[in-house]
Amino acid sequence: MTATTATTVTAKAAVGPPSPGTPFVSARRRRRRGRVVALLFAFPALLLLGALVVYPVLFSIGRSFFDASGNRFVGGDNYVEMFQDPATLKAIRNTVIWVVVAPALLTGLGLILAVLVEKVRWATAFKLLLFMPMAVSFLAAGIIFRLAYDQDPDKGVLNAAAVSLHDTFSGTSSYPTARARTGPGLVAGKDGSYATSKAVTPGSTVVFPMVGVLPADIPDNASPAYQAATEHPASDEVRGVVYLDFTPGGAGTPGIIDRQESGLPGMKVEAVRDGKTVASTTTASDGSYHFTHLSTGSYTFKLPASNFAPPYQGLAWLGPTLVTPAIIGAYLWIWTGFAMVLIGAGLSTLPRDALEAARMDGANEWQIFRRITVPLLAPVLTVVFVTLVINVLKVFDLVYIIAPGPVQEDATVLATQMWLVSFGGGNNQGLGSAIGVLLLLLVVPAMVFNVRRFKRSQR
Amino acid sequence: MNAVRRGLGNGLVQVFLVVIGLVWLTPLAGLFVSSLRSSEDTAEGGWWTALASPGQLSFDNYSALLENAGITQAFFNTVLISVPATLLVVLIAALAGYAFAWLDFPGREPLFLLVVALLVVPIQIGLLPVAKLFGQLGLFGTIPGVVLFHVAYGLPFAIFLLRNYFAEIPKEMLEAARMDGGSEWRIFVQLVIPVGRPAIASLAIFQFLWVWNDLLVALLFADSSSQPLTVALQSQVRQFGSNIDVLAPGAFLSLIVPLVVFFAFQRHFVQGVMAGSVK
């Protein structure tokens, strides 16, 4: 997880021949002067690190044992409060979700894409495209995804896609505002459906006069129902029409199918017998429907409530329940390229002959992936995973920008909570410091890992 | 048979990757198209409807943005913060990196281990104490304050990267230069810096983008006259929805510089980001 560049890029420098003639200076004096020079070189860095990094860490640790005002020592109270205060607890829970979900998803996605992209000729272009979001600020990414996640399907591209997908599979031809003319022969069900009130036997005609249909909801292919309504059913058939019982201009008679009155296509009609739906059909463009081969008995005919369901509006991406997954989605957009490129670099160092030998032995791609690629890549995958865990712990901007004000508290994570508690109105810098210390404690394992790895590399 | 299956599989892979690529491109394309539409058009329908009527698109939002004094000031502040913060980190870290790699001074080993340990320190823990310190020094709310904070928190990684790179310089080369009677400063300027150019380039790009894209640090340390673009836009996000005609071009303005850097220096960029991902 540490600097890969530092190990992969090595200084290439030509070695010139040593030139003769060293001016004589006493070795001791030279050493002392050397130390002074060395300290001068290191001094600016050490000063800044000491004053702005090391001292603040110590200060925050100390501050976390004091109350909001900073005057009273409260021992571990802030740490106890952290696990009792509902808002902070929520932040801890959300951070856990982030840490459990995002790095694993990213590593998996990165691995799959890294393996697949090697099989196409435009691999470089693809890698470039997926890596590009790494250049974009979290703020800009946040704005991008606030736009994409907008709940209105006329604004947010995600819900626009969700709605069109939904409508492709379950049909758009619903009449959300329509009502049937109830009264003689028709009753309204509690669930919003309409059914015949009397038993119907095969050989009959059942018509459903509807009102309250918005002109925009009538499909373009709808045609007058008059003709279809005159057809007679056979003895094992039930025929009828669903039509708009309204003539523009007011010339029509309620309950009568006038010549210009339109059929309502795409309306679902059900035949119900003894409380069970035994058959269902959909009306044609003139609003007609028919059931054939009905066995004798008494039926109820019904327009189920689904005809009048309000149109599907997509998901509330930025609502309380989905907001965290939605922000994780934006995070995936940014970091997948990183995971893919890093894993791809590891992939290119795999021994080609091992893969070829396995192919020769008849192993299929999946077996090669599962038995050879993944085990050999394990160290790289670990590095990617751990790096992402560290990054995820500190995620701030994305949550701060994407979660709308009222949902902020549902989306909060440790980094945003630390901000809110310390500066954003909470003004409890004791608790804020404690959250900061918790963040630090969470990255201590990575710290130890880095130091150990560095020490080992120096031997 | 096998070849046919493999060909079919490859076709599926291509389709899958094209779909993924489109999914990745769409959010950015959406932002760009949105930034070219008037607020009236935006209120009427999604940005994709503009693809059918490209007449809607114009750069009016951008010209309005350039006349918005707050935004242009914020853009210049971003430059005034990013450039010094990058140069200072590179300079200070190169000096320290050289000292840690090749010069002898007391406490060198433990101090460098401390730098390695500081690599992953979350900046959150520094916000409050440094804010107090800057308050006393009169740096709070100023551009130098924001710059100093970025420099300090950029240093551990920068020193680590450059020290490791400089350590690979052949010893004979440095010895030779010393034999020639070059002072350490001259050796540093004339030998170490030129040899270290690739690592310095990666570092500079990484640091520049890190600072350019930062919101959190500037949100705390900058006041309204020194705030960078990210902070200025962030304050607009509260009225999200009614001001897409400001937010979308603003966001695009803030990301166009990083994108140019990205495409101009792909290799260094990728290396820098890879190396710097510890932060």
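Residues numbered from 1 in each chain as written. Chains lettered and ligands numbered in written order. Predicted model: local features only at pLDDT ≥ 70, side-chain atom pairs only at ≥ 80, totals over all residues. Heavy atoms only, no water.

## What about the overall build of chain A?
Right, on to step 1. Tallying secondary structure elements over chain A gives 15 helices and nine strands in all.
Right, on to step 2. C-alpha extents for chain A along the principal axes are approximately 120 × 70 × 40 Å.
Right, on to step 3. For chain A, the proportion of its 459 residues judged to be buried stands at 47%.
Right, on to step 4. When contacts within chain A are restricted to residue pairs at least 6 apart in sequence, those whose partners lie at least 24 apart make up 70%.
Right, on to step 5. On chain A, roughly 22400 Å² of surface is accessible, and the fraction owed to carbon and sulfur atoms is 61%.
Right, on to step 6. Computed over 37 positive and 28 negative side-chain charges, the separation of the two mean positions in chain A equals 25 Å. (Helix = DSSP H or I, 4+ residues; strand = E, 2+ residues; numbered from the N terminus. Buried < 20%, exposed > 50% of the residue type's maximum accessible area, 1.4 Å probe, protein only. Contact = heavy atoms within 4.5 Å. Areas by Shrake-Rupley, 256 points an atom, 1.4 Å probe, with all protein chains shown as cover. Lys, Arg positive; Asp, Glu negative; His and termini not counted. Charge placed at Lys NZ, Arg CZ, Asp CG, Glu CD.)

## Side note on the confidence of the model for chain A
All names here are of chain A.
Right, on to step 1. Averaged over chain A, the pLDDT score is 85; the fraction of residues at 70 or greater is 93%.
Right, on to step 2. Per-element averaging of pLDDT across chain A places helix H1 (residues 4-8) at the bottom with 35 and helix H4 (residues 86-117) at the top with 95.
Right, on to step 3. The model gives residues 1-22 a pLDDT under 50, and that stretch makes 48 contacts with residues more than four places away or in other chains. (pLDDT = per-residue confidence, 0-100.)

## Digging into the sheet that holds strand S9 (residues 300-303) of chain A
Residues and elements named next belong to chain A.
Right, on to step 1. Sheet architecture is open: five strands sit in the order S2-S3-S9-S6-S7, paired in antiparallel fashion. Of all the strands in the sheet, the pair left with one neighbour each is strand S2 (186-188) and strand S7 (276-282). If you compare each strand with its neighbour and ignore which way they point, the axes differ by 25° on average.
Right, on to step 2. Judged from the two bridges that link them, strand S3 (residues 194-196) and S9 form a sheet pairing that is antiparallel. Across the sheet, the residue bridging to Ala195 is Lys302, located in S9. (Pairing = 2+ DSSP bridges. Axes fitted to C-alpha atoms, helices over the stretch in contact; angles between N-to-C directions.)

## What to know about the packing of helix H4 (residues 69-102) of chain B against helix H5 (residues 108-118) of chain B
All names here are of chain B.
Right, on to step 1. Taken N-terminus to C-terminus, the directions of H4 and H5 make an angle of 130°; their axes are 10 Å apart at the nearest point. Classified by the angle between their axes, H4 and H5 sit oblique to one another. In terms of crossing hand, the pair formed by H4 and H5 is left-handed. Residues Ala99, Phe100, Ala101 and Trp102 of H4 pack against Arg108, Leu111, Phe112 and Val115 of H5.
Right, on to step 2. Its residues assigned to classes, the contact of H4 with H5 comprises seven nonpolar, no polar and one charged. (Parallel < 35°, antiparallel > 145°, perpendicular 65-115°, else oblique. Left-handed = near helix turned anticlockwise from the far one by under 90°. Nonpolar A, V, L, I, M, F, W, Y, C, P; charged D, E, K, R; others polar.)

## A short note on H5 of chain B
Right, on to step 1. Three or more residues of H5 of chain B are buried, namely Phe112, Val115, Val116, Ala117 and Leu118 of chain B.
Right, on to step 2. Turning to H5 of chain B, the residues buried within the fold contact helix H2 (27-63) and helix H15 (429-458) of chain A together with H4 and helix H7 (143-166) of chain B.

## Section: the pairing of S7 of chain A
Residue and element names in this part refer to chain A.
Right, on to step 1. Sheet topology note: the strand S6 (residues 268-273)/S7 ladder contains six bridges and is antiparallel. Among the inter-strand pairings, Val269 is bridged to a residue of S7, identified as Thr281.
Right, on to step 2. Counted between consecutive antiparallel strands, the loop separating S6 from S7 contains two residues, among which Asp274 sits at a positive phi close to 50°.

## A few points about the pairing of S6 of chain A
Right, on to step 1. Sheet analysis places S6 of chain A next to S9 of chain A, joined by three bridges and oriented antiparallel. Directly across from Val272 of chain A, in S9 of chain A, lies its bridge partner Thr300 of chain A.

## Details of the interface of chain A and chain B
Right, on to step 1. Listed per partner, the contact involves 102 residues of chain A and 108 residues of chain B.
Right, on to step 2. Carbon and sulfur atoms supply 79% of the area that chain A and chain B bury against each other, a total of about 9500 Å² over both sides.
Right, on to step 3. Area buried by chain A at its contact with chain B is led by Phe41, Leu52 and Phe454 of chain A, which between them contribute 8% of it.
Right, on to step 4. The interface formed by chain A and chain B includes eight residue pairs in polar contact (both at pLDDT 80 or more).
Right, on to step 5. By residue class, the composition of the side of chain A that touches chain B is 73 nonpolar, 19 polar and 10 charged. (Buried area = accessible area lost by both parts, 1.4 Å probe. Polar contact = N/O pair within 3.5 Å; in protein donor to acceptor, adjacent residues only side chain to side chain.)

## Some details on the pattern of salt bridges
All names here are of chain A.
Right, on to step 1. Going through the model one piece at a time under the given rule, you end up with 11 salt bridges over all chains.
Right, on to step 2. With a closest N to O distance of 3.8 Å, Lys268 and Glu270 form a salt bridge.
Right, on to step 3. You can call Lys268 partly exposed: its relative accessible area is 34%.
Right, on to step 4. Residues participating in the shared-partner salt-bridge network are Lys119, Glu356, Arg359 and Glu365. (Salt bridge = Lys/Arg side-chain N within 4 Å of Asp/Glu carboxyl O.)

## A short note on the nonpolar core
Right, on to step 1. Membership of the largest hydrophobic core comes to 203 residues, with the highest contact counts inside it found for Trp98 and Tyr331 of chain A together with Tyr98, Ile159, Phe166 and Phe221 of chain B.
Right, on to step 2. Here this core gets 17 residues from one element, more than from any other, and that element is helix H9 (residues 323-347) of chain A.
Right, on to step 3. Ignoring any residue separated from it by four or fewer positions in sequence, one finds Ile159 of chain B in contact with Ala45 and Leu49 of chain A together with Ala93, Ala96, Gly97, Phe100, Phe112 and Val115 of chain B.
Right, on to step 4. If you look at the next biggest cluster of nonpolar residues, it comprises 25 residues, including Ala180, Phe208, Ile218 and Val238 of chain A. (Core = buried A, V, L, I, M, F, W, Y, C linked by side-chain atoms within 4.5 Å.)

## Some points on a nonpolar patch on the surface
Right, on to step 1. On the surface, a nonpolar cluster with roughly 390 Å² of combined accessible area is contributed by Val96, Ile97, Val100, Val101 and Leu105 of chain A.
Right, on to step 2. Note that Val96 of chain A resides in helix H4. (Patch = residues over 30% accessible without salt bridge, like charges linked within 9 Å, V, L, I, M, F, W, Y side chains within 5 Å.)

## Quick word on the sheet that holds strand S8 (residues 288-291) of chain A
Right, on to step 1. Across the sheet, four strands lie side by side as S1-S4-S5-S8 (chain A); this open sheet has mixed pairing. Across the chains shown, the open sheet's two edge strands, defined by having one partner strand only, are strand S1 (179-180) and S8 of chain A.

## Some remarks on the domain arrangement of chain A
Bring the parts together and some accessible area is lost; that lost area is often taken as the interface size.
Right, on to step 1. According to the domain assignment, chain A contains domain 1 (64-160 + 317-458) and domain 2 (179-308).
Right, on to step 2. Distance between the C-alpha centres of domain 1 of chain A and domain 2 of chain A: 55 Å. (Domains from an automatic or database assignment.)

## Notes on the domain arrangement of chain B
All names here are of chain B.
Right, on to step 1. Domains assigned within chain B are domain 1 (2-57) and domain 2 (62-276).
Right, on to step 2. One C-alpha centre belongs to domain 1, the other to domain 2; they are set 34 Å apart.
Right, on to step 3. The tally of links between domain 1 and domain 2 comes to zero salt bridges.
Right, on to step 4. Taken together, domain 1 and domain 2 are joined by one residue pair in polar contact (both at pLDDT 80 or more).
Right, on to step 5. Listing elements by their share of the side of domain 1 that touches domain 2, those giving two or more residues are helix H1 (2-35) and helix H2 (39-44).
Right, on to step 6. Of the residues forming the side of domain 1 that touches domain 2, the biggest block, five residues, is contributed by H1.
Right, on to step 7. Looking at the side of domain 1 that touches domain 2 residue by residue, the classes come out as four nonpolar, four polar and one charged.

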